[in-house]
Amino acid sequence: MASLTVKFAVYGALNGGNQDQSQVVNVQEVLQAAINRSQGIVTINNATMGGDPSVGNGKHFGATVTLDSVDRYFACAEGQTIDFFHTQAPGQNTRKAALSEVSA
């Protein structure tokens, strides 16, 4: 299997949509473990991200991973699933790179 390393990953929300009340956690290690357990397919939710950092608010997720020495960028909403091993590299329609393998 290809080599994949999580460089950066966060999960959370703005409490009540207030820009001054960020409730976000670093999930870099949690995501790496989830990817390793699931062959790269991870549903982003409170269970897989280690808890609920912003109770009562819809969460969002962002990550940078390195796959075969190429950085790839991901973003999605809580409840979506990402296949981290099957994405386009940056420069190959990067607008779709983060969302191409995301399903509701």
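Since we're looking at a predicted model, the values are computed, not measured.

Residue Gln39 is not a glycine yet carries a positive backbone phi of 55 degrees. Summarising the element assignment, Gln39 is placed in the loop between helix 1 (28-38) and strand 3 (41-43). In this structure, Asp68 is a non-glycine residue whose phi angle is positive, near 50 degrees. As for its placement among the helices and strands, Asp68 is situated in the loop between strand 4 (60-67) and strand 5 (70-77).

With that settled, the discussion passes to the confidence of the model for the protein chain. Scored by pLDDT, the protein chain has a mean of 87; 83% of the residues are at 70 or more. Of the regions scoring below 50 in pLDDT, residues 93-104 engages in 25 contacts with residues more than four places distant in sequence or in other chains.

A separate point is the pairing of strand 5. Each regular strand displays side chains that alternate between the two surfaces of the sheet. Sheet analysis places strand 4 next to strand 5, joined by 8 bridges and oriented antiparallel. Within strand 5, the position partnered with Thr64 by the bridge is Tyr73. With antiparallel pairing between neighbouring strands as the criterion, strand 4 and strand 5 make up a hairpin whose turn holds 2 residues, including Asp68 at a positive phi of roughly 50 degrees.

So, how was this worked out
- Residues numbered from 1 in each chain as written.
- Predicted model: local features only at pLDDT ≥ 70, side-chain atom pairs only at ≥ 80, totals over all residues.
- Heavy atoms only, no water.
- Helix = DSSP H or I, 4+ residues; strand = E, 2+ residues; numbered from the N terminus.
- pLDDT = per-residue confidence, 0-100.
- Contact = heavy atoms within 4.5 Å.
- Pairing = 2+ DSSP bridges.

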